[in-house]
2 protein chains.
Amino acid sequence: MSHSATLPEDACLAAWCAGDEWCAITCTMDVIENKWHPVIVDRLLAQGPLHFNQLADEIGPITNKVLSNSLQNLEESGLVDRTIVNDQPVEVEYALTDRGRSLEPVIDALAAWGREHLGTADDGTAVRY
Amino acid sequence: MSHSATLPEDACLAAWCAGDEWCAITCTMDVIENKWHPVIVDRLLAQGPLHFNQLADEIGPITNKVLSNSLQNLEESGLVDRTIVNDQPVEVEYALTDRGRSLEPVIDALAAWGREHLGTADDGTAVRY
DNA sequence: CAGTATCCACAAGGATACTG
DNA sequence: CAGTATCCTTGTGGATACTG
């Protein structure tokens, strides 16, 4: 299932069509720049399909509303599929699409850089190298 | 020159110290999540050190204020060095630090994904695949 | 279980104009 | 050339409470 959506007012895409280079990056950022988007994709990459509350537990400090919004955004971007796997009680499964899985190198790069540049100082305080 | 700053109130770093995984990604996002940060780093990677207005021209639609803010953030994060190379007229050069250059794999991944998922439809309109 | 409904605060981005 | 100074709008995240 290929995802295709026209975004008429999107300056980034317009610039891309005009041949500008900078927009390839901002396009990707448009998709993942929300605070939790990359984390959600990361958890789905690592754990496979997850239910709403499983995601909430995996991710850490995220509220219902923000997780819900983020998942809707990811669905609209064609990165995540939402499937109702059971009624009564309602169970919903969130899984990456092929397009979502294609973000793996990006997520890996983000995670690798973060891991290399975070640490603990001698006095026990958190430090950014 | 090693960059090291304590960020006492930073929940991300606190969580890192507590052993949580999600924060490696959010830490990286904290550094580059601003709309133009990754583009600035990309241009400096591709072109080497640049002056203020050179950057503005390279990057595209960015206002003085936003570019100035972004550069200050990048400097505070230890990713960019600001050097005055001339008085009268004032000339300032922005260059990546080692830490800044270490973002290259991240930027490359962002750019590659964007390039693969942007394009032009048959009717000429911009399309996101 | 999987959300929605409000409300609030803050920060980032953009437009515009001005300066040493 | 390399910025700063305002002002404004919007979006995003967080807190809290409620629901089918």
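Residues numbered from 1 in each chain as written. Chains lettered and ligands numbered in written order. Predicted model: local features only at pLDDT ≥ 70, side-chain atom pairs only at ≥ 80, totals over all residues. Heavy atoms only, no water.

Draft legend 1. Representation of helix 3 (residues 37-47) of chain B in the model. Burial analysis of helix 3 of chain B places 8 of its 11 residues in the buried class, the great majority of the element. One or two residues past the end of helix 3 of chain B sits Gly48(B), with phi positive at roughly 75°. (Buried < 20%, exposed > 50% of the residue type's maximum accessible area, 1.4 Å probe, protein only. Helix = DSSP H or I, 4+ residues; strand = E, 2+ residues; numbered from the N terminus.)

Draft legend 2. Spatial organisation of the protein's contact with DNA strand D. Not every one of the 18 residues close to DNA strand D is listed here, only the nearest: Lys35(A), Lys65(A), Ser68(B), Arg82(B) and Tyr94(B). Sugar plus phosphate, as a fraction of atoms of DNA strand D within 4 Å of the protein: 64%. One of the backbone N or O atoms of Val90(B) is found 3.3 Å from a sugar or linking oxygen in DNA strand D. Tyr94(B) is positioned such that a nitrogen or oxygen atom in its side chain is 2.5 Å from a phosphate oxygen of DNA strand D. (Near = heavy atom within 4 Å. Polar contact = N/O pair within 3.5 Å; in protein donor to acceptor, adjacent residues only side chain to side chain.)

Draft legend 3. Just the sheet that holds strand 4 (residues 91-96) of chain A, in detail. Residue and element names in this part refer to chain A. Reading across the sheet, the 3 strands line up as 2-4-3 and stay open at both edges, with antiparallel pairing between neighbours. Each edge of the open sheet is held by one strand with a lone partner, namely strand 2 (50-51) and strand 3 (80-86). Here 6 bridges tie strand 3 to strand 4, and the two strands are oriented antiparallel to one another. Counted as the bridge partner of Thr83 is Glu93 from strand 4. Seen against the sheet, helix 3 (residues 37-47) touches strand 2, strand 3 and strand 4 and runs at an angle of roughly 95° to strand 4. (Pairing = 2+ DSSP bridges. Contact = heavy atoms within 4.5 Å. Axes fitted to C-alpha atoms, helices over the stretch in contact; angles between N-to-C directions.)

Draft legend 4. Inspection of the side chain of Thr28(A) at higher detail. For Thr28(A), the location among the structural elements is in helix 2 (residues 23-32). Taking relative accessible area as the criterion, Thr28(A) reaches 0% and is therefore assigned buried. Those residues in contact with Thr28(A) that lie beyond four places of it in its chain are Leu110(B), Trp113(B) and Gly114(B).

Draft legend 5. Just the environment of Val39(B), in detail. Examined against the element boundaries, Val39(B) turns out to sit in helix 3. By relative accessible area, Val39(B) is classed as buried at 0%. C-alpha separation for the pair Val39(B) and Pro61(B), spaced 22 residues apart in sequence, amounts to 11 Å. For Val39(B), the residues in contact, after removing those within four places along its chain, are Trp22(A), Ile25(A), Thr26(A) and Ile59(B).

Draft legend 6. Just the packing of helix 2 of chain A against helix 7 (residues 104-116) of chain B, in detail. In contact at an axis separation of 7 Å, helix 2 of chain A and helix 7 of chain B are set at 90° when each is read in the N-to-C sense. Judged by the inter-axis angle, helix 2 of chain A sits roughly perpendicular to helix 7 of chain B. Residue-level inspection shows Ala24(A), Ile25(A), Thr28(A), Met29(A), Val31(A) and Ile32(A) of helix 2 of chain A in contact with helix 7 of chain B, the latter providing Ile107(B), Leu110(B), Ala111(B), Trp113(B), Gly114(B) and Arg115(B). A breakdown of the residues in the contact of helix 2 of chain A with helix 7 of chain B according to their chemical character gives 9 nonpolar, 2 polar and 1 charged. (Parallel < 35°, antiparallel > 145°, perpendicular 65-115°, else oblique. Nonpolar A, V, L, I, M, F, W, Y, C, P; charged D, E, K, R; others polar.)

Draft legend 7. The arrangement of the protein's contact with DNA strand C in detail. The full set close to DNA strand C counts 18 residues, and Ser68(A), Arg82(A), Tyr94(A), Lys35(B) and Lys65(B) are the nearest of them. For DNA strand C, the fraction of protein-proximal atoms (within 4 Å) that sit in sugar or phosphate groups is 66%. At 3.2 Å from a phosphate oxygen of DNA strand C is found a main-chain nitrogen or oxygen belonging to Val92(A). When contributions to the surface near DNA strand C are tallied by element, the ones reaching two or more residues are helix 4 (52-59), helix 5 (64-76) and strand 4 of chain A together with helix 5 (64-76) of chain B. Of the residues forming the surface near DNA strand C, the biggest block, 4 residues, is contributed by helix 5 of chain A. Counted by class, the surface near DNA strand C contains 6 nonpolar, 7 polar and 5 charged residues.

Draft legend 8. Spotlight on the sheet that holds strand 2 (residues 50-51) of chain B. Spatially, the 3 strands line up as an open sheet ordered 2-4-3 (chain B), and their pairing is antiparallel. Only two strands of the sheet have a single neighbouring strand rather than two, namely strand 2 and strand 3 (80-86) of chain B.

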